[in-house]
Amino acid sequence: MNGKLSILGEFWTFLRVRKKWWLAPVVLMLLLLGLLITLSEGSALAPFIYSLF
Amino acid sequence: MNILGISAFYHDSAACLVRDGEIIAAAQEERFSRKKHDDRFPRHAIDYCLREAGLASSSELDLVAFYEKPFVKCDRLFSTYLGVAPRGLQSFLKAVPVWIKQKIWIKQILRDELKFEGTILFPEHHESHAASAFFPSPFEDAAVLTVDGVGEWATTTIGRGAGNRVDLLRELHFPHSLGLLYSAFTYYLGFRVNSGEYKVMGLAPYGQPRFTDLILSNLVDLKPDGSLRLNLDHFDFMAGLTMTSRSFAQLFGAPRRAPEAELTQHHMDVARSLQAVTEEVMLRMARHAHEVTGSSNLCLAGGVALNCVGNGRILREGPFEKIWIQPAAGDAGGALGAALLGWHHYHDQPREAPGTHDAQKASLLGPAFDPAELVARKEIAHEQLGDDELMERVAALLEDRQVIGWYQGRVEFGPRALGNRSILADPRVPDMQRRLNEKIKFRESFRPFAPAVLRERVAEYFELDEPSPYMLLVAPVKAAVESSVDDSAGFGDRLRAVRSPIPAVTHVDQSARIQTVDVRENPRFHALLRAFEQRTGCGVLINTSFNVRGEPPVCAVEDAYRCFMRTGMDYLVLGNLLIDKRQQQPLPAAPPPTARSWIADDYERIDRSPRALRRFGFTMGIVAGVITALLIRRYPAVAMTTGVVAVLFAAAGQFAPTSLAAIHRIWMQISLAMGWVMTRVILTLVFFLVLTPVGLLQRLAGKRAFEVAFRTPENTYWKGRETPFERESYERQY
């Protein structure tokens, strides 16, 4: 989990340093979605989480 | 210092181990997994590299280097979708799930898989290619040209190598790419992108270049310095799932050829025209690289550097005295380049250029296997021979038109068989090409075979007097004659026409893709060529990779024996063991491939240990318990049932977790299916509600991230690079 959060942090730095503001909303939303998917995948809770959407 | 280089997750995963600047081991994952162009994490290749280096585990590594920068690649991907939205949904739905589940987390995947806490480097994709081309080369200084489909943004780079530095100076950016142009035509001609490009090159000599002007006026704006732009109106790789658009087919007056459909003269003419354009672009790029660097040496890498016809023309017609091409020129070679960058750039270690030979060790960098165990276990009938007797016997068999599987020492790194995992035959036999294609390789009959020739006699057979140890240069065959069969004749007639004293390796345009064999680099293969020469006077053999169509070249002894038994090869040589097909028991028929759904495949990757099943029992028990608590007041009857279910799950988890295996399988497969659907529903919403409006706004503001204008008055499309060297940049994923 710490490793993944650190990757998100580095990605944010990348967007900031390279001034990729156009990408920010799309990519950050997808990264959070990716985090949710990778965390819930392989867990028995996934179908319950999906039904929340 | 041990440095592990890795390339993975696109195509041709590979690993390489460099110790104190010396290449110890390098291998492609496909050779172990037996899945062609395997792009998965190269677990087997890494294990092999560690074994070869005598390391007990990856925790003993000093540095790990991944061959590209994932964040910049991600930037390019999403910038492309922003640039084409609302088109591109299908491609978005295909690409993005892989990114959000895997590719963006590459650093974490590397840490988890390798159990490695040290520094991980991320050089640029083309920098890795450039390093793989220059550092192992024999040159003290060189121009470096890397050309492929696309890396992060760059599709082509020109650099300068000197001492322990390789610096990129110019680049072309996506989507304008010679590699993508070649792949688009590969697709149009009905071959598989990223693997069928060789077939297009082999097909080209059968055609006439009658579409060359059409390509240069409608598809490619080529500047005198080799920089180019593609006309995006005719390509679909930005937004669709295909490489070319409908207007592309209209331009050529015929629809895309269906895979496996008949090849007509039209297809051959298209292939020839594309090849002519490609060679012209490669030549102009090489000349520009010479102008920029002033060096008389050239190093090449990137997938386009496997275009050995183009390489041959650069050598003959270009401004360079010498050229060296990385044999693993595709993405697999990126693993090698990344590791070498770790040593020479990140750790600033010196490099010594030997001048006379390269540091690639004949590209025999993969695993070696002892055949004795298999031969004993399977009671394989064989003869064990001493070196001299073996060479004599095999040479005699080759002279007798027998086809030999030749399995020796370490596996080659790169796509070509170089005499350690090879199928060999006599090139003087006119119908040998057809026999090998149809009875042994089971591949298209138009495809040519390559000659392996004694280094010291290459100039007697070919218009070449340079080493070509990696089969990456094409040159005319000497004493070849124009065939009396003209171009209007059928495919078969043109194929069978005898054009030289070595007809089986002479292509229809009187050329050959040459491998020179040097006694210092591969003494056993050299000894065999020498023995054949002494019997026949011919210092050339057909050398083709030891595999059948659709499979990677063989790696382990078992692969070789299986391939030998299921094809029309006559003899197999495993080290010093000679095996005669006629003395073998037939193998049972290959089991039919089992078709499994992706859900079943994904389920196999989920932890199903008793511990995981116990956790599953408790999780389900808790969820059922919570549902019971919520229902108990209003629906006591239902709550009774859910309560019992909760207790049963918890009890099974505690006392008999394995009894939950069947329920676990069903539940988790439902979970995977729901995940698949939900991911795509959410992504579709993101595409239209977030990405499309942002993309439209961006274009309204004139801020598209890539160039779309086809023809502009600019003199050049090359972009200069101004990024100064910064050691820390290698630690960043951008």
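The paragraphs below set out a description of the structure included in this document. In this text the structure is predicted, and so the values were computed from the model without any measurement. (Residues numbered from 1 in each chain as written. Chains lettered and ligands numbered in written order. Predicted model: local features only at pLDDT ≥ 70, side-chain atom pairs only at ≥ 80, totals over all residues. Heavy atoms only, no water.)

## Focus on the overall build of chain B
The helix and strand inventory of chain B stands at 24 helices and 22 strands. For chain B, the C-alpha radius of gyration of 28 Å lies close to 27 Å, the compact-globule estimate for 734 residues. Its C-alpha atoms put chain B at 95 × 70 × 55 Å along the principal axes. Counting across all 734 residues of chain B, residues that qualify as buried make up 60%. Partitioning the intrachain contacts of chain B with sequence separation of at least 6 by distance along the chain shows that 73% fall at a separation of at least 24. When the accessible area of chain B is evaluated, it comes to approximately 29,000 Å², of which 54% is carbon and sulfur surface. For chain B, the distance from the average position of its 85 positive side-chain charges to the average position of its 85 negative side-chain charges is 7 Å. (Helix = DSSP H or I, 4+ residues; strand = E, 2+ residues; numbered from the N terminus. Rg over C-alpha atoms; globule rule 2.2 N^0.38 Å. Buried < 20%, exposed > 50% of the residue type's maximum accessible area, 1.4 Å probe, protein only. Contact = heavy atoms within 4.5 Å. Areas by Shrake-Rupley, 256 points an atom, 1.4 Å probe, with all protein chains shown as cover. Lys, Arg positive; Asp, Glu negative; His and termini not counted. Charge placed at Lys NZ, Arg CZ, Asp CG, Glu CD.)

## Focus on the side chain of B:Ser729
Residue and element names in this part refer to chain B. Within the secondary structure, Ser 729 sits in the segment after strand E22 (719–720). In this structure the side chain of Ser 729 is engaged in a polar contact, spanning 2.7 Å, whose partner is the backbone oxygen of Glu 726. Excluding residues within four positions of it along the chain, Ser 729 makes contact with Lys 69, Phe 122 and Tyr 734. (Polar contact = N/O pair within 3.5 Å; in protein donor to acceptor, adjacent residues only side chain to side chain.)

## So, the sheet that holds strand E11 (residues 297–301) of chain B
Residue and element names in this part refer to chain B. Pairing in this open sheet of six strands is mixed, and the strands run E12-E11-E6-E7-E8-E22 from one edge to the other. Each of the sheet's edge strands pairs with one partner strand only, and the pair in question is strand E12 (322–325) and E22. Judged from the four bridges that link them, strand E6 (residues 141–147) and E11 form a sheet pairing that is parallel. The partner of Val 144 across the bridge, within E11, is Cys 299. Of the strands in this sheet, E6, strand E7 (154–162), strand E8 (165–173), E11 and E12 touch helix H6 (residues 125–134), which is tilted by about 135° from E6. (Pairing = 2+ DSSP bridges. Axes fitted to C-alpha atoms, helices over the stretch in contact; angles between N-to-C directions.)

## Side note on the sheet that holds strand E5 (residues 120–121) of chain B
Residue and element names in this part refer to chain B. In space, the five strands of this open sheet follow the order E3-E2-E1-E4-E5, with mixed pairing throughout. Pairing within the sheet leaves two strands with one partner each, and these edge strands are strand E3 (22–28) and E5. Bridging between strand E2 (residues 14–19) and E3 involves six bridges; their strand directions are antiparallel. Among the inter-strand pairings, Arg 19 is bridged to a residue of E3, identified as Glu 22. Of the strands in this sheet, strand E1 (2–7), E2, E3, strand E4 (63–66) and E5 touch helix H13 (residues 332–346), which is tilted by about 145° from E1.

## Brief notes about the interface of chain B and chain A
Taken together, the 42 residues of chain B in the interface contact 34 residues of chain A. When chain B packs against chain A, close to 3,500 Å² is buried across both sides, 82% of that on carbon and sulfur atoms. Three residues stand out in chain B for area buried against chain A, namely B:Phe71, B:Trp105 and B:Tyr734, and they jointly supply 20% of the buried area on that side. The interface formed by chain B and chain A contains two salt bridges. Remark: the boundary between chain B and chain A carries two residue pairs in polar contact (both at pLDDT 80 or more). Among the secondary structure elements, those contributing two or more residues to the side of chain B that touches chain A are helix H3 (70–84), helix H4 (89–101), helix H5 (106–114), helix H22 (610–631) and helix H24 (661–700) of chain B. Tallying contributions element by element places H24(B) first for the side of chain B that touches chain A, with 16 residues. Grouping the constituent residues of the side of chain B that touches chain A by class yields 28 nonpolar, eight polar and six charged. (Buried area = accessible area lost by both parts, 1.4 Å probe. Salt bridge = Lys/Arg side-chain N within 4 Å of Asp/Glu carboxyl O. Nonpolar A, V, L, I, M, F, W, Y, C, P; charged D, E, K, R; others polar.)

## Digging into a nonpolar patch on the surface
Residues and elements named next belong to chain B. On the surface, Trp 598, Trp 676, Val 677, Val 681, Leu 685, Phe 688 and Leu 689 cluster together into a nonpolar patch covering about 670 Å² of accessible area. For the nonpolar patch, the element with the most residues is H24, which contributes six residues. A relative accessible area of 46% means that Leu 685 is categorised as partly exposed. (Patch = residues over 30% accessible without salt bridge, like charges linked within 9 Å, V, L, I, M, F, W, Y side chains within 5 Å.)

## Thoughts on the pattern of salt bridges
Residues and elements named next belong to chain B. One pass over the full model with this rule turns up 49 salt bridges over all chains. One salt bridge connects Asp 47 with Arg 43, and the closest N-O pair in it is separated by 3.2 Å. Linking Asp 47 with Arg 43, this pair stays in helix H2 (residues 43–52), spanning four residues, or about one helical turn. What makes Arg 43 partly exposed here is its relative accessible area of 25%.

## Describing the environment of B:Ala65
Residue and element names in this part refer to chain B. Positionally, Ala 65 belongs in strand E4. You can call Ala 65 buried: its relative accessible area is 0%. Separated by 242 residues in the primary sequence, Ala 65 and Asn 307 place their C-alpha atoms 27 Å from one another. The contacts of Ala 65, once residues within four sequence positions are left out, are Leu 4, Gly 5, Ile 6, Leu 121, Ala 338 and Ala 339.

## Digging into helix H19 (residues 523–536) of chain B
All names here are of chain B. With 14 residues, H19 extends 20 Å from end C-alpha to end C-alpha; this agrees with the ideal 20 Å at 1.5 Å per step. Considered for burial, the residues of H19 that qualify are Phe 525, His 526, Leu 528, Leu 529, Ala 531, Phe 532, Glu 533 and Thr 536. A positive phi of about 85° marks Gly 537, the residue just after H19. (Expected span 1.5 Å × (residues − 1).)

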